[in-house]
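# Close look at the chain arrangement
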Amino acid sequence: MFIINCPYCGERDQSEFTAGGEAHIERPKQPTELSDDEWAEFLFMRKNIKGVQFERWNHAHGCRKWFNVVRDTTNDKIHAVYKMGEKPPID
Amino acid sequence: MPNYRVKKTDYVDQTNRISFKFDGKTYFGFKGDTLASALLSNGIHLVGRSFKYHRPRGIMTCGSEEPNAICQINPGTDLTEPNVRATEIELYEGLEASSQNCWPNVNFDIGGINNFISPFIPAGFYYKTFMWPKSFWKNIYEPLIRKSAGLGRSPSLPDPDLYDHKHIHCDVLVIGGGISGIIAAKIAAKSGSNTILIDDKNTLGGSTIFQNNENFKINDEISKDWLFKEIEELKKLKNLTIKTRTSVAAYHSYNYLLAKENLTDHLSKNNKTSNIRQRLWKIRSNKVIIASGAIERPLVFNNNDRPGIILASSVNKYLNFYGVICGENNFVFTNNDSAYETALSLFEKGIQIKIIDIRKKTNSKIVKRVEKLGIDIYWNSTVTNTFGYRKLNSIEIMNLSEDGSNVIGKKTKVKCDCLAVSGGWTPMVHMHTQSGGKLNFRESDQVFLPKELVFEHISVGSCNGDFELDDIIKNTNVKVKSLLNLKETEFEKTYVNCTKELDKRNIWLLPNKIALGKTKSFIDFQNDSTAKDIKLALREGFRSIEHVKRYTTTGMATDQGKLSNMHALGIIAETAGVKMGTLGTTTFRPPFTPLTFGAIVGRNVGQFFDITRRTSIHEWHIKNNAKFENVGQWKRPWYYPKENENMHQAVQRESKAARDSAGILDASTLGKIDIQGSDASEFLNRVYTNAWSKLAIGKCRYGLMLNEDGMVYDDGVTTRLGENHFLMTTTTGGAANVLSKLEDYLQTEWPELDVFLTSVTDQYSTASICGPNSKEILMKLFPSVNFNDDDFPHMSFKNSIINNINCRIMRISFTGELSYEINIEAKYGKSLWEKCIDAGKDFNITPYGTETMHLLRAEKGFIIVGQDTDGTMTPIDLQMDWIVSKKKYDFIGKRSLYRSDTIREDRKQLVGLLTEDPKEILEEGAQIVSDISKKPVEMLGHVTSSYFSPNLNKSIALAVVRNGKKMKGQKLIVPMENKNINVIVSDSIFLDKENKRLNA
Ligand SMILES: [Zn+2]
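Described in the following lines is the structure provided in the data block. These figures come from a predicted structure and were not determined experimentally.

### Considering the packing of aromatic side chains
In this description, an aromatic ring pair is defined by two values, namely the gap between the centres and the angle between the planes. All names here are of chain B. Under the defined criterion, the tally for this structure stands at 26 aromatic pairs over all chains. Judged by centre distance (4.3 Å) and plane angle (0°), the ring pair of Tyr11 and Phe321 falls under stacked. Remark: Phe321 occurs in the loop between helix H7 (312–320) and strand E18 (329–334) and Tyr11 occurs in the segment before strand E1 (13–22); sequence separation between them is 310 residues. By the burial criterion, Tyr11 is buried, and Phe321 matches it. Between Tyr745 and Trp750, the ring centres sit 5.0 Å apart and the planes meet at 35°, which makes this aromatic pair tilted. Each member of the pair Tyr745 and Trp750 is classed as buried. Site record: aromatic cluster; members linked through ring pairs are Tyr11, Phe210, Tyr318, Phe321 and Tyr322. Positioned above the aromatic ring of Phe321 is the side chain of Lys317, whose terminal nitrogen or guanidinium carbon lies 4.7 Å from the ring centre.

### Overview of the sheet that holds strand E20 (residues 377–378) of chain B
All names here are of chain B. Strand order in the open sheet made by the 5 strands is E17-E24-E18-E19-E20, with parallel pairing throughout. Looking at the sheet topology across the chains shown, the edges are occupied by strand E17 (309–311) and E20. Sheet analysis places E17 next to strand E24 (residues 418–422), joined by 3 bridges and oriented parallel. From the neighbouring strand, Leu311 faces E24, where its bridge partner is Val421. Against the sheet, H7 touches E17 and E24, its axis set at about 85° to E17.

### Topic: the environment of Asn788 of chain B
All names here are of chain B. Its location among the elements puts Asn788 in the loop between helix H21 (774–781) and strand E41 (796–802). Among the residues examined, Asn788 registers a relative accessible area of 42% and is labelled partly exposed. For the pair formed by Asn788 and Trp379, sequence separation is 409 residues and the distance between their alpha carbons is 109 Å. Within the local environment of Asn788, its side chain forms a polar contact with the backbone nitrogen of Asp790, the two atoms lying 3.1 Å apart.

### Let's talk about the coordination of the zinc ion
Residues and elements named next belong to chain A. Cys6 (SG), Cys9 (SG), His59 (ND1) and Cys63 (SG) make up the full set of protein donors to the zinc ion, lying at 2.0 to 2.3 Å. Here the donor residues of the zinc ion share one chain and are spaced in sequence as C-x2-C-x49-H-x3-C. A residue is classified by how much of its surface remains accessible, and His59, at 1% relative accessible area, is buried.

### Here we look at the interface of chain A and chain B
Counting from both sides, the interface comprises 28 residues of chain A and, opposite them, 30 residues of chain B. Between chain A and chain B, the buried area comes to about 2,500 Å², and carbon and sulfur atoms account for 47% of it. Its largest share of buried area at the contact with chain B, chain A owes to Met1, Arg27 and Arg64 of chain A, together 28% of the area lost on that side. Summed over the shared surface of chain A and chain B, the number is 6 salt bridges. The shortest N-O distance in the salt bridge between Asp36 of chain A and Arg895 of chain B comes to 2.7 Å. Between chain A and chain B we count 20 residue pairs in polar contact (both at pLDDT 80 or more) in total. When residues in the side of chain A that touches chain B are grouped by element, the largest group, 5 residues, is from helix H1 (residues 36–44) of chain A. For the side of chain A that touches chain B, the class distribution of residues is 13 nonpolar, 4 polar and 11 charged.

### Structural notes on the packing of helix H5 (residues 179–190) of chain B against helix H6 (residues 223–235) of chain B
All names here are of chain B. Closest axis-to-axis distance for the H5/H6 pair is 10 Å, and the angle between their directions is 35°. Relative to H6, H5 is oriented so that their crossing is left-handed. For the pair H5 and H6, contact is made by Ile179, Ile182, Ile183, Ala185, Lys186 and Lys190 and by Trp226, Leu227, Glu230, Ile231, Glu233 and Leu234, respectively. Considered class by class, the residues forming the contact of H5 with H6 number 8 nonpolar, no polar and 4 charged.

### A few points about the sheet that holds strand E29 (residues 496–498) of chain B
The strands that make up a sheet are held in pairs by hydrogen bonds between backbone atoms, and each pair lies either parallel or antiparallel. All names here are of chain B. With antiparallel pairing, 3 strands are arranged side by side in an open sheet as E11-E10-E29. Strands at the two margins of the open sheet, each flanked by one partner only, are strand E11 (221–222) and E29. Sheet topology note: the strand E10 (residues 216–218)/E29 ladder contains 3 bridges and is antiparallel. Bridge assignment links Phe216 to a residue of E29, and that residue is Cys498.

### Regarding the pattern of salt bridges
All names here are of chain B. This model, assessed by the stated rule, comprises 70 salt bridges over all chains. Of the charged contacts in the structure, one is a salt bridge between Lys186 and Glu490, with a shortest N-O distance of 2.8 Å. Of the two residues, Lys186 sits in helix H5 while Glu490 sits in the loop between helix H11 (469–484) and E29, which places them 304 residues apart along the sequence. With a shortest N-O distance of 3.0 Å, Asp877 and Arg907 are connected by a salt bridge. Here Asp877 is found in the loop between helix H23 (850–860) and strand E45 (908–915), whereas its partner Arg907 is found in the loop between H23 and E45, with 30 residues between them in sequence.

Criteria and thresholds
Residues numbered from 1 in each chain as written. Chains lettered and ligands numbered in written order. Predicted model: local features only at pLDDT ≥ 70, side-chain atom pairs only at ≥ 80, totals over all residues. Heavy atoms only, no water. Phe/Tyr/Trp six-rings, centres within 6.5 Å; stacked < 30°, edge-to-face > 60°. Helix = DSSP H or I, 4+ residues; strand = E, 2+ residues; numbered from the N terminus. Buried < 20%, exposed > 50% of the residue type's maximum accessible area, 1.4 Å probe, protein only. Lys NZ or Arg CZ within 6 Å of the ring centre and 35° of its normal. Pairing = 2+ DSSP bridges. Contact = heavy atoms within 4.5 Å. Axes fitted to C-alpha atoms, helices over the stretch in contact; angles between N-to-C directions. Polar contact = N/O pair within 3.5 Å; in protein donor to acceptor, adjacent residues only side chain to side chain. Donors = N, O, S within 2.8 Å, 3.2 Å for Na, K, Ca; no water. Buried area = accessible area lost by both parts, 1.4 Å probe. Salt bridge = Lys/Arg side-chain N within 4 Å of Asp/Glu carboxyl O. Nonpolar A, V, L, I, M, F, W, Y, C, P; charged D, E, K, R; others polar. Left-handed = near helix turned anticlockwise from the far one by under 90°.

Shown next, in the form of structure tokens:
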């Protein structure tokens, strides 16, 4: 049970949030122009990194805002939190 | 009977006598005793039988690591409790307990025969033996194992006690109230930190609090006296909370911990003032100091499990804390200095004591003192065998060879009824590793120690590998200072004078003249696995500690291998010829000690298990005899039986009435999302498969929502209330998920859209009136509204007023009947409903529930998302091609509708099924096949919805069938347990394909 620093509300218990998988996977603007393989890449392929991972989280039982989190999946340490559309503060 | 209580101590009140029962017999102990110390004071050692061989077993420890003394509390009652450690339960007046791992009784045990056939019960015995024949499992093996394994009886009545959950936040949490925990807590609290100190015992002080020994002095005081004063001072500190009888069960990330506090388990019935039995603390602490101590290791030698063989530190505690001796002819058997304290304590009480030390010789201060007192020490020696069935009576001693790999010389057999064993110490690193911390291996005394830190916590004292008093105090002070960023504490100049260990020798498996296969050298006492089992597993090719552990069941019992893991690792390392540190250790998982289910669920039981949502019309449904169905968290009327009707009869009546005259349904639970903004119609275009831009104000449209993978996700009718204002309805169960999915797209993919979503499910109540007479009823309710078909056609909406309250009327239908839905602010829901019933009286308006609703919509072939679909159905599979816009450039899931997999023609598709015998009703979920002669029979699909239609007077069903679209008119078979049902594939719309009723 970790603590997440919602960029809109501040530090809250993990139980208020839901996870939304890997971040920075943009929905293709012109899906019809993609091959099956290219579409599958967007639809199914996720990195599932052991280590530092960029993820989407939603403050579901709070402000209901989506935002990004940089989390180490081996120890749940959160390195950064930033809003949707913002560049990751670290790489 | 001799009295084994030989000494007065500060912790047992010998003026307060307590009677208790064990195995049906009455005994006496004192206030302050545990069940274990009270039993020992009565000379009772034999308290159970071992798991596999049913060997007699005695109390072996004095704490949570106890593998043998596991009891049933209040045996023979409906509220009995199994698996309680005698070493942990405090004695109270009227306590009743029995040994549990034996049948028919502890002194005569049929399972003991396993002891003699034991050569045939090697590692993996259960895997190997009970494999074959398969048919033996149910009737022979399982009952046999269950009965003789005897892991206690469960209570048969619901738990009458209350359990609490409480959240608490603090600056510093200290786990463990031994000397290092006390120093840490004092420093933290005095530096201004809001501090909590937790200990699982009823008194603080750990093992130092009974260390009454000239060899251990702090500031020139005997360690025990010094610590006693520290504790008194500690209790006065303002920002410190001390929680005794509280054990930390789990340490999660971000310093989130669970601790169980026992409130009444130690009290007799009459003294239980609170009806809360246990409280689970949910602690969030900025910093955590782990001071959980260490557990003494046993030694592994032949027949090392007899009653009377006890950890040396426990023998010491039973004497100095409880005032009880465990035997009259005592031997200490050790590989280190710590057990010499036990020897000294016994000697000082004038009790016979000798020492067997596997080391060749050592000259530390405490050893010299022991020698000076004239206590015999057998150097470089080991115990090779023990004797005595119900209690140890003698032991056999031999010399060790130079390298310790063998025994030499002749055997000496001596009288001994208590063997105090010590194989060194294992730091309790459970909490550290649970938090995600890693471990280092220290070669010199072969211990795993806390390594790098993930969150702000430290380990201090013996759980950090400091075993000598001076190191403990010095290092605790240094580490706590650095954690709390302090310059100086009151412990800087604490002066410690103590004995220091000089020599070490460790042999994981002590040698014997007898072949290992013929010895019983136990490693895991609770699960009865021996050194031989470990070696066998290695011979059979197991290498990973995790595999060996599972194969031999070592460390898999309820004590989680607190005593056994290190020996198992040591023997594996030795046998495989690798360094122990490289093997790694097994994973320590929460809970540290077993938790009751009561503590886990707290107050969330019965009606509080989950939230219950009721519509504003709920009371009316109850009054009118509704049977309810759970739909998500909602209670929905299922059907309304009249007099002696069963469900089938009620549903037949309700659905007939709805089609013949009028029916009314509480549709308030449908999800409702208010959508506003200048891009609202564009938004709907993107989330639904059909087109929305041209929908006129005041019109309604059915929409199908897909996942990005092209599979049907939700459906419902959306109404255009204004230019930039829509009201979307969703399925009852899907409401919350649809809202969050739409929010996700709005916030992350299409932030440029000007759209706002608000859930209004709870704000509105909905009465849905259907049937040929529904229009008449609406006209009575709303005399000013023009219900003419041209003015108010199917799929349109009007605002109106009833008794000065605004409401919305939608002419939409889920039943295929002429139908209206009236939405009104939720607080007026019930009175609107009652007005509808009133207005419908002349038309026999009939309230109907979800079952009738399902039947009516099935007649019309309308799908229910989640019943007729399962996340693998595209709109094309549902034969709903008509709702997928060909013109729109994009919508959620569009691209997936022509992936190679989704365009396959032989996908499972939704069809209707008619039974050959119209009276035969199919079972939902039943398989569908075509050819039953060819084995294995090919499964084509399954029935998704099935009803007897009173309006069509025949059985109808919906099903998904592979290639079903092309099978219309074809015969298929639904095989059931006792018969095969012949069915014919039909259209999925059974009634009014032309929509005459809808538009009537
Ligand atoms: Zn927030």
